Amino acid sequence: MVKYAVSAPQADLLRELAAVSDAVRIAPGRTQVAWALEQRGLIKRTWRGSGHVAVVTADGRYYLKHGKHPRQVQAEKERLEGDSAQAAPAPADGAELVSRLQSASGTITVADPAPRTRGRWRAAYYDALHHRHVPEGHKVRWNGRQRGDCVFTLVNEEAEKAAQPPPVPSIDVPEVLDRPHPLVRATRKAMGRSQGTVDTRGRAEAIPLHVSRPLADRALQIMQALLTEAENRGYTAEPQTDLQCGEALHTLAIVIRGRAFPLALTERTTKVPHKPTPKASESVISASRYRP
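Residues numbered from 1 in each chain as written. Predicted model: local features only at pLDDT ≥ 70, side-chain atom pairs only at ≥ 80, totals over all residues. Heavy atoms only, no water.

What about the overall build of the chain?
- Of the regular secondary structure elements, the chain holds 11 helices and 12 strands.
- For a compact globule of 292 residues, the expected C-alpha radius of gyration is about 19 Å, and the chain comes in at 36 Å, more than 25% above that figure.
- When its C-alpha atoms are laid out on the principal axes, the chain stretches across 85 × 80 × 40 Å.
- For the chain, buried positions account for 29% of its 292 residues.
- For the chain, contacts bridging at least 24 residues in sequence account for 51% of all contacts bridging at least 6.
- For the chain, the accessible area works out to roughly 19900 Å², and carbon and sulfur atoms hold 52% of it.
- Separation between the mean location of the 43 positive side-chain charges and that of the 31 negative ones in the chain comes to 8 Å. (Helix = DSSP H or I, 4+ residues; strand = E, 2+ residues; numbered from the N terminus. Rg over C-alpha atoms; globule rule 2.2 N^0.38 Å. Buried < 20%, exposed > 50% of the residue type's maximum accessible area, 1.4 Å probe, protein only. Contact = heavy atoms within 4.5 Å. Areas by Shrake-Rupley, 256 points an atom, 1.4 Å probe, with all protein chains shown as cover. Lys, Arg positive; Asp, Glu negative; His and termini not counted. Charge placed at Lys NZ, Arg CZ, Asp CG, Glu CD.)

Take a look at the structure:
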């Protein structure tokens, strides 16, 4: 059971305390770990001087020997003893399981059943599936096949499908620009033959791009896909020019129902401090030595 579970730091402290016959002082950094062990009844703490000391209890030594808390073992024993009584009310077959689900608004929870009880519910579930007891357009879900609570749910597939959000439409990006959009063609021309960073921001009748040269073609392919999809949906791509501080400012926007949405594509980069290599450092030193 979860409330009896012991973490690795807790188990380490428990073993350390058990290895010593006298009470052990708890270091300030392990106060929370000791508190958790005390809550589980595995150690006993007392205040001595300026801090806590602790000893291992009988339950703590049992845990170290068997790997389980004695209360957990007792709870499991009681659970198994009541297995027959708990299994008796389980549905006899799949038809009864479905009938109960319909009467229970579609969900039944069986709290952490013992093996025989879990097996009875499992048999009813598979009988419902294999003998077509599940109503048309429905399905039965089962969570907790091996451990924990068993939860059975009768699901209306049409209602579930209707409640799901619509899928996000995908846009195919072309691998080759056979018939480029006029703005893509103008942007490619504005890029020129620069081998460094491509920057077409502020260029008239061009798509605002700021990318490294190796990614320029991919950037144009992405913009081709976006512009084509926008126009297929009835929107328009409009280069716009505004005055800012007396100078022309050129931008691009997708206009949807009269509202303009600016469009640009930039490459995110990370600035890495330059660290000279040993060879480069030697060259600098040599040059300084022979400088006239």
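Some words on the packing of helix α1 (residues 8-18) against helix α2 (residues 31-39)
- At a minimum axis separation of 9 Å, α1 and α2 run at an interaxial angle of 80°. As judged from the angle between their axes, α1 and α2 are roughly perpendicular. Of the residues in α2, those touching α1 at Pro9, Gln10, Leu13 and Leu14 are Val33, Ala34, Ala36 and Leu37.
- In terms of residue class, the contact of α1 with α2 is made up of seven nonpolar, one polar and no charged. (Axes fitted to C-alpha atoms, helices over the stretch in contact; angles between N-to-C directions. Parallel < 35°, antiparallel > 145°, perpendicular 65-115°, else oblique. Nonpolar A, V, L, I, M, F, W, Y, C, P; charged D, E, K, R; others polar.)

A closer look at helix α10 (residues 216-232)
- Over its 17 residues, α10 runs 24 Å from end to end, which matches the ideal 24 Å to within 8%, given 1.5 Å per residue.
- Along α10, the residues classified as buried are Ala216, Ala219, Leu220, Gln221, Met223, Gln224, Ala225, Leu227 and Ala230.
- On its buried face, α10 is in contact with α9 (182-191), β7 (197-199), β8 (209-212), β9 (236-244), β10 (247-256) and β12 (265-266). (Expected span 1.5 Å × (residues − 1).)

Quick look at the pairing of β10
- Bridge analysis of β9 against β10 gives nine bridges, and the strand direction is antiparallel. The partner of Thr241 across the bridge, within β10, is His250.
- Counting the residues between successive antiparallel strands, the hairpin from β9 to β10 contains two residues, one of them, Cys245, with a positive phi of roughly 55°.
- Relative to strand β11 (residues 259-262), β10 runs antiparallel, the two being bridged by four bridges. Across the sheet, the residue bridging to Val255 is Ala260, located in β11.
- Hairpin remark: β10 followed by β11, antiparallel, with two residues in the connecting loop; positive phi at Arg257, about 50°. (Pairing = 2+ DSSP bridges.)

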